[in-house]
Amino acid sequence: VDGILPGVGGVLSFLPQIAILFLFLSFLEDSGYMSRAAFIMDRLLRRFGLSGKAFIPMLMGFGCTVPAIMGARTMENEKDRRMTMMLVPFMSCSARLPVYGLMTAAFFPKHAGLVIFSLYVLGLLCAIVSGIILRHTMFRGEPAAFVLELPPYRLPTVRNCLTHVWERVRGFLVKAGTLILAMSVVLWFGVTSHGLVMVEEPSRSMLGTIGSLLAPVFGPLGFGTWQAAVAILTGLVAKEAVVSTLCLLYGVSTLDAGATVATALSGTFHTPVAAYAFLVFILLYVPCVAAVSTMVREMGSLKWTARSIVWQLAAAWLVSFVVFQVGML
C-alpha cells in the first residue's frame with residue numbers, strides 16, 4: 001500500500017499524455033515529412049556544426065532517447081554520428097513528462113503549459129550551444145555532405161499510427177509493471193529500514209544516509225536535501241522513477257490537488273525557483289541506464305560514452321545553478 005501503489009500509480013496517471021505525444025510523432029514519421037524536415041533543417045544545423053540528418057534522431061529524442069540514439073546509424077560520417085548521439089539526450093524524452101506534470105501542478109498550476117514548453121526550448125538551446133562548443137573542440141572539421149532520399153508523401157493510416165502508439169505505450173506499461181514496481185519496493189524498503197532494522201525517521205534509513213552524502217552537491221542549485229538526491233539517483237534507472245520516488249518519500253499521490261502536493265514537497269523545494277531548477281536538472285542530466293547502454297553499443301567506445309555522461313552532468317549542474325542563482329535575484 002505504501003510502496004507499490006504510490007510508486008506505480010504515480011507513473012501510470014501520466015499515460016494519456018504520453019500516448020498523445022507518440023500519436024503525433026507517429027503521424028510525422030508515417031507521412032514522409034521527416035525527410036523533408038531534415039532537408040529543410042540542413043542549412044540551419046550546419047551553422048551549429050551538424051548535418052541535416054541529425055534532425056531526425058533529435059526529433060525522435062522527444063519520444064524516447066534509446067531509438068533516437070539508434071537512429072543516428074543512418075549518418076555515414078563517424079564524427080557527425082558521435083556528436084549527434086552526445087546531443088540527443090538534451091531533447092526532453094517522454095519519460096521526463098510525468099516529472100514535469102507532477103512539479104508544475106504543484107508549483108506552477110496557472111502556468112504549467114508555459115513552464116513545460118520553456119523546458120523543451122531550454123533543451124534545444126543547450127543542444128545548440130553544446131553543438132557549437134563540441135564542433136570547435138572535440139569534433140573539428142566540416143560536416144559530411146548531405147545526401148538523402150525523399151520518400152513520397154503518404155496519408156498515414158489509422159491502424160499504423162495506433163500500432164506505433166500501442167508499441168510505445170506497451171513499453172511504458174511493461175516498465176511500470178516491472179522496473180518501476182521493483183524500484184518502488186526497493187525504495188520503500190530503503191526508506192523504512194537501516195540494514196534489517198525498521199526505523200521511524202526516514203532520514204536515518206539507508207536511502208536517507210546515501211542521500212545525505214550526495215545532498216551538498218545540489219545545495220547551490222536550491223534543492224540540497226536527501227530526498228531530492230535520492231530522486232535524482234533513482235532517475236538514472238528510469239526518469240519515471242523520479243515521480244514514484246517523490247510520491248513514496250512524501251506520501252503524496254499525483255491525484256491529489258496541486259496545493260496538497262506543493263505543501264508536501266515544500267520541505268525540499270522552498271521556492272518555485274528551486275522547483276524549476278530541479279526540473280532543469282532532470283531535463284539535462286543523463287537520460288537512463290537503457291540510453292547509456294545503447295550509447296555504449298552504438299558508439300563502440302566506453303571512453304566516448306563516459307565523455308558524453310560527464311558533459312551532460314556538467315551541463316545539468318551548471319545550467320541549474322545559473323537558473324536558481326539568477327532566479328533568486
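Procedures and definitions
- Along each chain, residues carry numbers from 1 onward, in the same order as the chain's sequence is written.
- Thresholds applied to this predicted model are a pLDDT of at least 70 for local features of residues and 80 or more for the giving and counting of side-chain atom pairs; totals over whole chains, interfaces and linings are not thresholded and use all residues.
- The side-chain values count all of the structure's non-hydrogen atoms but skip hydrogen atoms and water molecules.
- The numbering of helices and of strands both runs from the N terminus, where a helix is a DSSP run of H or I of at least 4 residues and a strand a run of E of at least 2.
- The globule rule is 2.2 Å times the number of residues to the power 0.38, and the radius of gyration it is compared with is taken over C-alpha atoms.
- A simple rule labels every residue: compare its accessible area, found with a 1.4 Å probe on the protein chains alone, to the largest value its type can have, and call it buried under 20%, exposed over 50%, or partly exposed in between.
- Contact criterion: two residues are considered in contact whenever any of their non-hydrogen atoms come within 4.5 Å of each other.
- Method for areas: the Shrake-Rupley scheme with a 1.4 Å probe, in which residue coverage is limited to the protein chains shown.
- Only one rule defines a salt bridge in this text: a Lys or Arg side-chain nitrogen within 4 Å of an Asp or Glu carboxyl oxygen.
- Each Phe, Tyr or Trp ring (for Trp, its six-membered ring) is paired with any other whose centre lies within 6.5 Å, and the angle between the two planes then decides the class: stacked below 30 degrees, edge-to-face above 60, tilted in between.
- Criterion for a charge above a ring: Arg CZ or Lys NZ at most 6 Å from the ring centre, at most 35 degrees from the ring normal.
- Of the two site types, the cavity is a set of points on a 1 Å grid over the protein atoms alone where a 1.4 Å probe fits but cannot get out, and the pocket is an open set with protein on both sides within 12 Å along at least five of seven lines, each lined by residues with an atom within 4 Å of a point.
- Grid points are joined across faces, edges and corners, and a volume is the space filled by probe spheres set on the points.
- Each residue gets one label: Ala, Val, Leu, Ile, Met, Phe, Trp, Tyr, Cys and Pro are nonpolar, Asp, Glu, Lys and Arg are charged, and the others, such as Gly, are polar.
- Expected helix span is computed as 1.5 Å times (number of residues minus one).
- Residue types Ala, Val, Leu, Ile, Met, Phe, Trp, Tyr and Cys, when buried and joined through side-chain atoms within 4.5 Å, form a set referred to as a nonpolar core.
- Here, axes are lines fitted to C-alpha atoms. For helices the fit covers the stretch in contact, and angles between N-to-C directions go from 0 to 180 degrees.
- Each angle gets one of four labels, with under 35 degrees taken as roughly parallel, over 145 as roughly antiparallel, 65 to 115 as roughly perpendicular, and the rest as oblique.
- In protein, a polar contact requires one atom able to donate a hydrogen and another able to accept it; more generally it is a pair of N or O atoms within 3.5 Å, and residues adjacent in sequence count only if both atoms are side-chain atoms.

## With respect to the overall build of the protein chain
- Helix and strand counts for the protein chain stand at 16 helices and two strands.
- For a compact globule of 329 residues, the expected C-alpha radius of gyration is about 20 Å, and the protein chain comes in at 20 Å, within 12% of that figure.
- Within the protein chain, buried positions represent 51% of all 329 residues.
- Within the protein chain, residue pairs in contact and separated by at least 24 positions form 74% of the contacts whose partners lie at least 6 positions apart.
- Surface accessibility of the protein chain: about 15,300 Å² in total, with carbon and sulfur atoms responsible for 71%.

## Focus: the environment of Met 206
- Topologically, Met 206 is positioned in helix H10 (residues 206-218).
- Under the relative-accessibility criterion, Met 206 is labelled partly exposed at 29%.
- With near-sequence residues (within four places) excluded, Met 206 lies in contact with Phe 189, Gly 190, Ser 193, His 194 and Gly 195.

## Quick word on the pattern of salt bridges
- Within this structure, the stated rule accounts for four salt bridges.
- Between Asp 42 and Arg 46 there is a salt bridge, with its nearest N and O atoms 3.0 Å apart. A residue pair is termed a helical-turn pair when its members lie 3 or 4 positions apart in one helix, as Asp 42 and Arg 46 do in helix H3 (residues 33-46) at four residues.
- By relative accessible area, Asp 42 is classed as buried at 11%.
- On the basis of relative accessible area, Arg 46 is assigned to the partly exposed category, the value being 28%.
- Glu 78 is the partner of Arg 82 in a salt bridge, and the nearest nitrogen-oxygen pair spans 3.3 Å. In this pair, Arg 82 and Glu 78 both sit in helix H6 (residues 78-87), four residues apart, roughly one turn of the helix.

## Notes on the packing of aromatic side chains
- The tally for this structure, following the rule as stated, stands at twelve aromatic pairs.
- Here the aromatic rings of Phe 218 and Phe 223 are separated by 5.8 Å at their centres, their planes lie at 20°, and the arrangement is stacked.
- For Phe 218, a relative accessible area of 8% translates into the label buried.
- What links up through ring pairs into an aromatic cluster is the set Phe 107, Phe 218, Phe 223, Phe 269, Phe 278, Phe 281 and Tyr 285.
- Positioned above the aromatic ring of Tyr 285 is the side chain of Lys 239, whose terminal nitrogen or guanidinium carbon lies 4.0 Å from the ring centre.

## What to know about H6
- With eight of ten residues buried, H6 lies mostly within the body of the structure.
- Every buried residue of H6 is listed here: Asp 80, Arg 81, Arg 82, Met 83, Thr 84, Met 85, Met 86 and Leu 87.

## So, the layout of surface pockets
- Of the voids in this model, the largest pocket is the one considered here, and its volume is about 320 Å³.
- Taken together, 22 residues make up the lining of the largest pocket; nearest its centre are Gly 63, Cys 64, Ser 94, Lys 175 and Glu 240.
- For the lining of the largest pocket, the secondary structure elements donating two or more residues are helix H2 (15-31), helix H5 (65-71), helix H9 (158-192) and helix H15 (289-299).
- Ranked by the residues each element gives to the lining of the largest pocket, the list is headed by H9, at five residues.
- Looking at the lining of the largest pocket residue by residue, the classes come out as 13 nonpolar, four polar and five charged.

## Looking at H2
- Between the first and last C-alpha of H2 there are 25 Å, a value that for 17 residues agrees with the 24 Å anticipated at 1.5 Å per step.
- Of all the residues in H2, the buried ones are Leu 15, Ile 18, Phe 22, Leu 25, Ser 26, Asp 30 and Ser 31.
- In the core, the buried residues of H2 are packed alongside helix H1 (4-12), H3, helix H4 (55-60), helix H7 (97-107) and H9.
- Remark: Gly 32 follows H2 within two positions and exhibits a positive phi of approximately 90°.

## A short note on the nonpolar core
- By size, the foremost hydrophobic cluster in this structure holds 97 residues, and its most contacted members are Met 103, Phe 223, Leu 246, Leu 265 and Phe 278.
- Take this core: its biggest share by element is eleven residues, from helix H14 (residues 272-284).
- With residues near it in sequence (within four places) discarded, Phe 278 still touches Val 99, Met 103, Phe 223, Ala 228, Ala 231, Ile 232, Val 242, Leu 246 and Phe 269.

## Examining the packing of H10 against helix H11 (residues 226-235)
- Remark: H10 packs on H11, axes separated minimally by 7 Å, with the N-to-C direction vectors making an angle of 95°. The pairing of H10 with H11 is recorded here as roughly perpendicular in orientation. Of the residues in H11, those touching H10 at Leu 207, Gly 208, Ile 210, Gly 211, Ser 212, Leu 214, Ala 215 and Phe 218 are Trp 226, Ala 229, Val 230, Ile 232 and Leu 233.
- Along the lines of polarity and charge, the residues of the contact of H10 with H11 split into ten nonpolar, three polar and no charged.

## Some points on the environment of Gly 123
- Secondary-structure assignment places Gly 123 in helix H8 (residues 112-135).
- Look at Gly 123 and you get buried, because its relative accessible area is 1%.
- Sequence-distant contacts of Gly 123, defined by excluding residues within four places in its chain, comprise Phe 90, Met 91, Leu 283 and Leu 284.

## Details of the side chain of Ser 130
- Inspection of the secondary structure puts Ser 130 in helix H8.
- A relative accessible area of 5% places Ser 130 in the buried class.
- At a separation of 2.8 Å, a polar atom in the side chain of Ser 130 contacts the main-chain carbonyl oxygen of Cys 126.
- Setting aside its immediate chain neighbours within four residues, Ser 130 contacts Leu 87, Phe 90 and Trp 311.

Any functional reading would require information beyond the geometric quantities listed.
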